[in-house]
Amino acid sequence: MCGIVGAVAQRDVADILVEGLKRLEYRGYDSSGVAIINSDKQLQRLRRVGKVQALADAIAQQPLSGGTGIAHTRWATHGVPSEANAHPHISSDNIAIVHNGIIENHEKLRTQLQALGYIFTSETDTEVIAHLVHHEMKSHANLLTAVQATVKQLEGAYGTVITDKNTPEKMIVARSGSPLVIGFGLGENFIASDMMALLPVTRKFAFLEEGDVAEITRHDVNIFDTHGTPVEREAKESEVSHDAGDKGEYRHYMLKETYEQPTAIRNTLDGRFLNNKLSIDSFGKNAQAIFKDIEHVQIIACGTSYHSGMVARYWLEALSGVSCNIEIASEFRYRKSFVPKNALIVTISQSGETADTLAALRLAKELGYSASLAICNVPGSSLVRESDLAFMTKAGAEIGVASTKAFTTQLVGLLMLTLAIGAQHGMTAEQESCIIKSLMTLPNKLEEVLALAGSIEDLAEDFADKHHSLFLGRGDQYPIAMEGALKLKEISYIHAEAYAAGELKHGPLALIDAEMPVIVVAPRNDLIEKLKSNIEEVRARGGLMYVFADVDAKFASDDTMKVINVPHCDDIIAPIVYTLPLQLLSYYVAIIKGTDVDQPRNLAKSVTVE
Ligand code: GLU
């Protein structure tokens, strides 16, 4: 969600902080700010509403010197996006803090602090942390112990970084529910909510664990767990490339990431197979024993990842010999659910930090699920660390808020999960090798689909004046229709709904008229004749259709229907293949609408708050 960057260095850190914020801007972007302590121990703060560039421009006008600083891009939860609500928040001109997350007991703390004489200057929940640390400083020997005393009083989620202008040689960081990663430099150290922010200055990172508080100086990093006991957190070299955050020749990250899918999938498939068999270690050391014992899979995810899980349910129940359920994480975590015997909990999240998914995983463990597996794109993320098994997608950094390559690589991971579980529950070697063969054709097939971009761009013009749309699919294409509708609404702001095509006559048919484009995904599978009947139902009611159809399915364009021929592919990989045309359609419609494709309004990447 929001971005945090902090540094303790000998050199001026303003540029490092702003570059870090720019690299995180995709996570939250309604306002930003920076606070730096200069060599005279003065605390200087600048905040701006809007993009990070507005802050960079302000710093260019009014340069900030100093080697200790913190910076933040905000995704507002409490209080409108405004300069007064932007972080850092300051208490009594001494303590400056940035925060990612939500302090749930902020009202109670605010009342207590007001009674102590603290004046609040923002509507945020965050500001209580600044005043509370200041208050605790009165009875504690140093900033570290004051922060340790403060976090004990906080309820909710936080990743927070705190400085005191009187001790510019250090910053204190604390994590509970929102990720923080320490970056180790030479004679300088850093903190960020995502390592992407720090790639220009270091490659060596250590993730904080839940409840950790750390004191960071130029030369030392001392980490303490929830109980205040000193702990080590393993530092690792990152392999993510420095320019992972560059758009290259592409106009938008989303387009770049759409085009990266053949490579991302090649990377995700690479090294997973031996002699035409899946190497089950792709899921972790004990995968074979765990998969052998399970009888049920419960998938938990949010947003786009939820749609990949929905496809997986079709695959798992058809092929793997175990039953499967899927649920939205924010629902699962707040209802009383039945825990089946020998059940595996599978969480899916690009970032591995999605707050609801993480909470659902923790609940599932308490409830007694037999084992857990994370399908995730970020090594070392909370979800990966807290799960028994993990399958790492190799999508590379995904910056566009609307997920593309993370989704399709998740699908690849989930198809491999189907193979891995199936192999323990009676899937034949022939079935397995057939699916592997199909998977291997995928990257080239996707390249063929990307070549359709020009005709999809032409199609997009029809959507310029539309306000609503309907997406239809059947079977494992129903979740793909849902994902297509989600993409369109996320980036073009056109209202889009998806239905299992068989549901049309149970309600949505009432909506059909010339103003409601109907988008259909139509691979040539055993449901194609049923789907053709659904198309006729729409046609008979004067609807306008856009059909992405298998080239062999013999659809022809006419007055009521525009057909885009999609190259023929094996049934099993069709959900992945048909995702791409829908991504391209949303992208080109958004371009026509003139929306902010990579940073759509009100949304943020990596939803680390509830
Ligand atoms: N809850 C805080 C606010 O609204 C932090 C939001 C964020 O994570 O950016 O200011």
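To be clear, the structure that these remarks concern was listed above.
Please read all numbers here as calculations on a predicted model, not as lab measurements. Sequence order sets the numbering: in each chain, residues are counted from 1 along the sequence as written. Per-residue local features of the predicted model are confined to residues with pLDDT of at least 70, and side-chain atom pairs are confined, for both listing and counting, to 80 or more; whole-chain, interface and lining totals are unaffected and use all residues. As a rule here, side-chain values come from all non-hydrogen atoms in the structure, and water together with hydrogens is ignored.

Asker: Before we move on, could you go through the overall build of the protein chain and cite the residues and values that matter?
Answerer: Only DSSP runs of H or I covering at least 4 residues are called helices, and only runs of E covering at least 2 are called strands; the numbering of each starts at the N terminus. In terms of regular secondary structure, the protein chain is built from 18 helices and 27 strands. To get the radius of gyration, use the C-alpha atoms; to get the globule rule, take the number of residues to the power 0.38 and multiply by 2.2 Å. At 25 Å, the protein chain has a C-alpha radius of gyration in line with the 25 Å of a compact globule built from 610 residues. In terms of principal-axis extent, the alpha carbons of the protein chain reach across some 75 × 55 × 45 Å. Buried residues are those whose accessible area, probed at 1.4 Å on protein chains only, stays under 20% of the maximum for their type, while exposed residues exceed 50% and partly exposed ones sit between those limits. When burial is assessed residue by residue, the protein chain has 62% of its 610 residues classed as buried. Note on contacts: a residue pair is in contact if any heavy atoms of the two residues lie within 4.5 Å. Partitioning the contacts of the protein chain with sequence separation of at least 6, the portion at a separation of at least 24 is 72%. For the protein chain, the exposed area adds up to about 23,100 Å²; of that, 48% sits on carbon and sulfur atoms. Within the protein chain, the 77 negative side-chain charges are centred at a point lying 1 Å from the centre of the 57 positive side-chain charges. The Shrake-Rupley method, run with a 1.4 Å probe sphere, supplies the accessible areas, and residue values consider only the shown protein chains as cover. In this count, Lys and Arg are taken as positive residues and Asp and Glu as negative ones, while His and the chain termini are left out. A charge is said to be at NZ when it belongs to Lys, at CZ for Arg, at CG for Asp and at CD for Glu.

Asker: Could you give an account of helix 5 (residues 143-151), naming the residues involved and the relevant values?
Answerer: Along helix 5, eight of the nine residues are buried, which leaves the element largely enclosed by surrounding structure. Looking only at helix 5, the buried set comprises L143, L144, A146, V147, Q148, A149, T150 and V151. In the core, the buried residues of helix 5 are packed alongside strand 6 (95-103), helix 4 (127-137), strand 7 (156-164), strand 8 (170-176), strand 12 (213-217) and strand 13 (221-224). In protein, a polar contact requires one atom able to donate a hydrogen and another able to accept it; more generally it is a pair of N or O atoms within 3.5 Å, and residues adjacent in sequence count only if both atoms are side-chain atoms. For helix 5, the N-terminal cap is N142; the gap from its side-chain oxygen to the backbone nitrogen of L144 is 3.1 Å.

Asker: Lay out the side chain of Q298 in plain terms, naming residues and giving numbers.
Answerer: Along the polypeptide, Q298 turns up in strand 18 (residues 296-301). The exposure class of Q298 is buried, given its relative accessible area of 6%. Among all residues touching Q298, those that are not within four sequence positions of it are N325, I326, E327, F332, L344, I345, V346 and Y369.

Asker: Help me get a handle on the site of the ligand, residues and values and all.
Answerer: One heavy atom within 4 Å of a molecule or strand is enough for the residue carrying it to be called near that molecule or strand. Every one of the 14 residues lining the ligand counts as a neighbour, but R74, T77, H87, G101 and D125 are closest to it. Separating a nitrogen atom of the ligand from a side-chain N or O atom of T77 is a distance of 2.6 Å. At a separation of 2.8 Å, an oxygen atom of the ligand approaches a polar side-chain atom of H87. Burial of the ligand by the protein amounts to 100% of the accessible area it has alone, namely 300 Å². Within the residue set of the shell around the ligand, elements represented by two or more residues are strand 4 (68-74) and strand 6. It is strand 6 that provides the largest number of residues to the shell around the ligand, a total of three residues.

Asker: Could you give an account of the pattern of salt bridges, with specific residues and numbers?
Answerer: The rule for a salt bridge is simple: a side-chain nitrogen of Lys or Arg has to be within 4 Å of a carboxyl oxygen of Asp or Glu. Counted under the stated rule, the structure contains 27 salt bridges. Note that E188 and R11 form a salt bridge whose closest N and O atoms lie 2.6 Å from each other. Linking E188 in the loop between strand 9 (181-184) and strand 10 (189-192) with R11 in the loop between strand 1 (3-8) and helix 1 (14-24), this pair joins segments that are 177 residues apart in sequence. In this structure, K562 and D462 form a salt bridge, with 2.8 Å as the shortest nitrogen-oxygen distance.

Asker: Which residues make up the packing of helix 14 (residues 429-450) against helix 18 (residues 574-593), and what are the values?
Answerer: Axis lines are fitted through C-alpha atoms, for helices just across the contact stretch, and the angle between N-to-C directions can take any value from 0 to 180 degrees. Here helix 14 crosses helix 18 at 30°, and the two axes come no closer than 10 Å. Between helix 14 and helix 18, the angle is such that the two are roughly parallel. In this structure, helix 14 meets helix 18 at a crossing whose hand is right-handed. Residues L442, K445, L446, V449 and L450 of helix 14 pack against I576, V577, L580, P581 and L584 of helix 18. Residues are grouped as follows: nonpolar covers Ala, Val, Leu, Ile, Met, Phe, Trp, Tyr, Cys and Pro; charged covers Asp, Glu, Lys and Arg; every other residue, Gly included, is treated as polar. Split into classes, the residues belonging to the contact of helix 14 with helix 18 amount to nine nonpolar, no polar and one charged. Orientation categories follow fixed angle ranges, with anything under 35 degrees roughly parallel, anything over 145 roughly antiparallel, 65 to 115 roughly perpendicular, and all other angles oblique. Two helices crossing with the near one rotated counterclockwise from the far one by less than a right angle form a left-handed crossing, whereas a clockwise rotation gives a right-handed crossing.

Asker: Quick rundown of the sheet that holds strand 27 (residues 561-566)? Include the residues and the values.
Answerer: Taking strand neighbours across the sheet as the criterion, the five strands line up as 24-23-25-26-27 in an open arrangement whose pairing is parallel. In this open sheet, the two strands that pair with only one neighbour each are strand 24 (495-500) and strand 27. Across the sheet, the mean angle from the axis of one strand to that of its neighbour is 20°, orientation sign disregarded. Examined bridge by bridge, strand 23 (residues 468-473) and strand 24 share six bridges and lie parallel to one another. In the sheet register, H468 faces strand 24, and the bridge partner there is H495. Lying over the sheet, helix 17 (residues 528-539) contacts strand 23, strand 25 (517-522), strand 26 (544-550) and strand 27, oriented at roughly 170° with respect to strand 25. Pairing between strands is defined by DSSP: at least two bridges between the two strands are required.

Asker: Mind laying out helix 1, listing which residues take part and the relevant values?
Answerer: Summarising burial for helix 1: eight of the eleven residues are buried, a large majority. By the burial criterion, the buried members of helix 1 are A14, I16, L17, V18, G20, L21, R23 and L24. Looking at the packing, one finds that the buried side of helix 1 touches strand 1, strand 2 (31-37), helix 2 (52-61), strand 4 and strand 10.

Asker: Describe empty space enclosed by the protein, naming the residues involved and giving the relevant values.
Answerer: Using only the protein atoms, space was sampled on a 1 Å grid; points where a 1.4 Å probe fits but cannot get out form cavities, open sets with protein on both sides within 12 Å along at least five of seven lines form pockets, and lining residues are those with an atom within 4 Å of a point. Grid points are joined across faces, edges and corners, and a volume is the space filled by probe spheres set on the points. Scanning all chains against the criterion turns up two cavities of 30 Å³ or more. Roughly 50 Å³ of internal volume is contained in the second largest cavity. Forming the walls of the second largest cavity are R474, Q477, V521, P523, N525, L527, I528 and L531. Residues that form the lining of the second largest cavity fall into these classes: five nonpolar, two polar and one charged.

Asker: Give a description of the packing of helix 9 (residues 303-319) against helix 13 (residues 405-424) that names residues and reports values.
Answerer: How two helices sit against one another is set out by the angle between their axes and by the gap between those axes. The interhelical angle for the contact between helix 9 and helix 13, taken along N-to-C directions, is 25°, at an axis separation of 9 Å. The angle between helix 9 and helix 13 places the two elements in the roughly parallel class. Relative to helix 13, helix 9 is oriented so that their crossing is right-handed. Every residue of helix 13 that contacts helix 9 at T304, S305, H307, S308, G309, V311, A312, W315, L316 and L319 is listed here: F407, Q410, L411, L414, L415, T418, I421 and G422. The residue makeup of the contact of helix 9 with helix 13, split by class, is ten nonpolar, eight polar and no charged.

Asker: I'd like a description of the sheet that holds strand 22 (residues 389-392), backed by residues and values.
Answerer: One open sheet holds the five strands; their spatial order is 19-18-20-21-22, and the pairing between them is parallel. In this open sheet, the two strands that pair with only one neighbour each are strand 19 (323-328) and strand 22. The mean angle between the axes of side-by-side strands here comes to 20°, regardless of whether they run parallel or antiparallel. Packing against the sheet, helix 13 makes contact with strand 18, strand 20 (343-349), strand 21 (371-376) and strand 22, and its axis sits at approximately 165° to strand 20.

Asker: Which residues make up the pairing of strand 25, and what values do they have?
Answerer: With six of six residues buried, strand 25 lies mostly within the body of the structure. Both faces of strand 25 are covered, namely the face carrying P517, I519 and V521 and the face carrying V518, V520 and A522. One ladder, built from three bridges, connects strand 23 with strand 25; its direction is parallel. By the bridge assignment, L470 is partnered in strand 25 with V518. Relative to strand 26, strand 25 runs parallel, the two sharing six bridges. Residue pairing in the sheet places P517 in a bridge with L544 of strand 26.

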